[in-house]
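# Architecture and fold: a report
Letter by letter, the chains look like this.
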Amino acid sequence: MDGNGHYYLIFTTAAGYCGIAWNQVGITRFQLPDASAEATERNVLRRLPRAERGIASPKLLDLVAAVKRYFEGEEIDFSGVTLDIGEQEAFFEQIYAAARQVGWGQTTTYGTLAKELGAGPEAARDVGQAMARNPVPLIIPCHRVLAAGGKVGGFSAPGGSVAKAHMLELEGVHLGPPPPAQQSFDL
């Protein structure tokens, strides 16, 4: 392995096949679960066409084990994972750093995240774009960032918004209206 290369590993979880890519600095890509190893590998290589299958270090194997436990419903904190997501606009870097602070079972909205960064409501669109371009979903937990009113919003990963809702359910977040406090009877 040369020091400049990208390497990847495809592995299975309770939710499907995931892919992870890395270089000498840190994690560069993460592919959320897909139905087959082949589809996952295609998605990784579409974004990193020169990546090679790599041999995972013990630290990377620990991360893979943590991802597997996450998809089994265990609370996992990925905020300490070292990333190398390349050159980003300064505001996107701030967005990603803020999103990494949204913990297990918590959600925020595009607008709230923009406001927390000192930007106006028009920056909510920028937050949405950053989430859509997130190269390491789950590690930067874009699934925890919702549209206005707590709606799921878009999700560019395999499975779309259904996958996003499933990940939130794993974390105990229930979307949609709360159940009625009292049922009425039609007689």
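### A short note on the layout of surface pockets
- When its volume is computed, the largest pocket comes out at roughly 380 Å³.
- As for the largest pocket, its lining consists of 23 residues, of which Ala 132, Asn 134, Pro 137, Ser 156 and Ala 157 are closest to the centre.
- For the lining of the largest pocket, the elements supplying multiple residues, two or more each, are strand S3 (27-34), helix H1 (37-47) and helix H5 (124-132).
- Here the lining of the largest pocket takes four residues from S3, the largest share from any one element.
- Broken down by class, the residue content of the lining of the largest pocket amounts to 13 nonpolar, six polar and four charged.
- The calculated volume of the second largest pocket comes to roughly 310 Å³.
- As for the second largest pocket, its lining consists of 14 residues, of which Ile 27, Lys 59, Leu 60, Leu 63 and Val 81 are closest to the centre.
- Of the residues forming the lining of the second largest pocket, the biggest block, five residues, is contributed by helix H2 (residues 58-70).
- Here the lining of the second largest pocket is built from residues that sort into seven nonpolar, five polar and two charged.

### Side note on helix H6 (residues 160-170)
- Regarding H6, the residues found buried are Gly 160, Ala 163, Lys 164, Ala 165, Met 167, Leu 168 and Leu 170.
- Looking at the buried side of H6, the elements it contacts are S3, H2, helix H4 (110-116) and strand S6 (145-146).
- Gly 172, located one to two residues past H6, shows a positive phi value of around 85°.

### Some details on the packing of helix H3 (residues 90-99) against H5
- The interhelical angle for the contact between H3 and H5, taken along N-to-C directions, is 75°, at an axis separation of 10 Å. One way to sum up the angle between H3 and H5 is to call them roughly perpendicular. Together, Phe 91, Phe 92, Ile 95, Tyr 96 and Ala 99 of H3 and Asp 126, Val 127, Gln 129, Ala 130 and Met 131 of H5 make up the contact between the two elements.
- In terms of residue class, the contact of H3 with H5 is made up of eight nonpolar, one polar and one charged.

### Notes on unusual backbone geometry
- One non-glycine residue, Leu 138, adopts positive backbone phi at about 85°.
- Tracing the chain through its elements places Leu 138 in the loop between H5 and S6.
- A relative accessible area of 2% places Leu 138 in the buried class.

### Looking at H5
- Considered for burial, the residues of H5 that qualify are Ala 124, Val 127, Ala 130 and Met 131. Relative to the axis of H5, the buried residues are bounded by an arc of 115° and lie together on one face.
- Packing partners of the buried residues in H5 comprise H3, H4 and S6.

### Quick look at the pattern of salt bridges
- Per the counting criterion, the structure on display carries three salt bridges.
- Between Arg 53 and Glu 41 there is a salt bridge, with its nearest N and O atoms 2.8 Å apart. Here Glu 41 lies in helix H1 and Arg 53 lies in strand S4 (residues 52-53), a separation of 12 residues in the sequence.
- For Glu 41, a relative accessible area of 18% translates into the label buried.
- For Glu 171, the salt bridge identified is with Arg 144, shortest N-O distance 2.9 Å. You can see Glu 171 sitting in the segment after H6 and its partner Arg 144 sitting in the loop between H5 and S6, a full 27 residues away along the chain.
- Given the relative accessible area of 6%, Glu 171 is considered buried.

### Examining the environment of His 6
- Mapped onto the elements of the fold, His 6 is located in the segment before strand S1 (7-13).
- Separated by 16 residues in the primary sequence, His 6 and Trp 22 place their C-alpha atoms 5.5 Å from one another.
- Excluding its chain neighbours within four sequence positions, the residues that come into contact with His 6 are Trp 22, Asn 23, Thr 28, Leu 48, Arg 50, Ala 51 and Glu 52.

Calculation criteria
Residues numbered from 1 in each chain as written. Predicted model: local features only at pLDDT ≥ 70, side-chain atom pairs only at ≥ 80, totals over all residues. Heavy atoms only, no water. 1 Å grid on protein atoms, 1.4 Å probe; cavity = no way out; pocket = protein on both sides within 12 Å on 5 of 7 lines; lining within 4 Å. Points joined across faces, edges and corners; volume = space filled by probe spheres on them. Helix = DSSP H or I, 4+ residues; strand = E, 2+ residues; numbered from the N terminus. Nonpolar A, V, L, I, M, F, W, Y, C, P; charged D, E, K, R; others polar. Buried < 20%, exposed > 50% of the residue type's maximum accessible area, 1.4 Å probe, protein only. Contact = heavy atoms within 4.5 Å. Axes fitted to C-alpha atoms, helices over the stretch in contact; angles between N-to-C directions. Parallel < 35°, antiparallel > 145°, perpendicular 65-115°, else oblique. Arc of directions from axis to C-beta. Salt bridge = Lys/Arg side-chain N within 4 Å of Asp/Glu carboxyl O.

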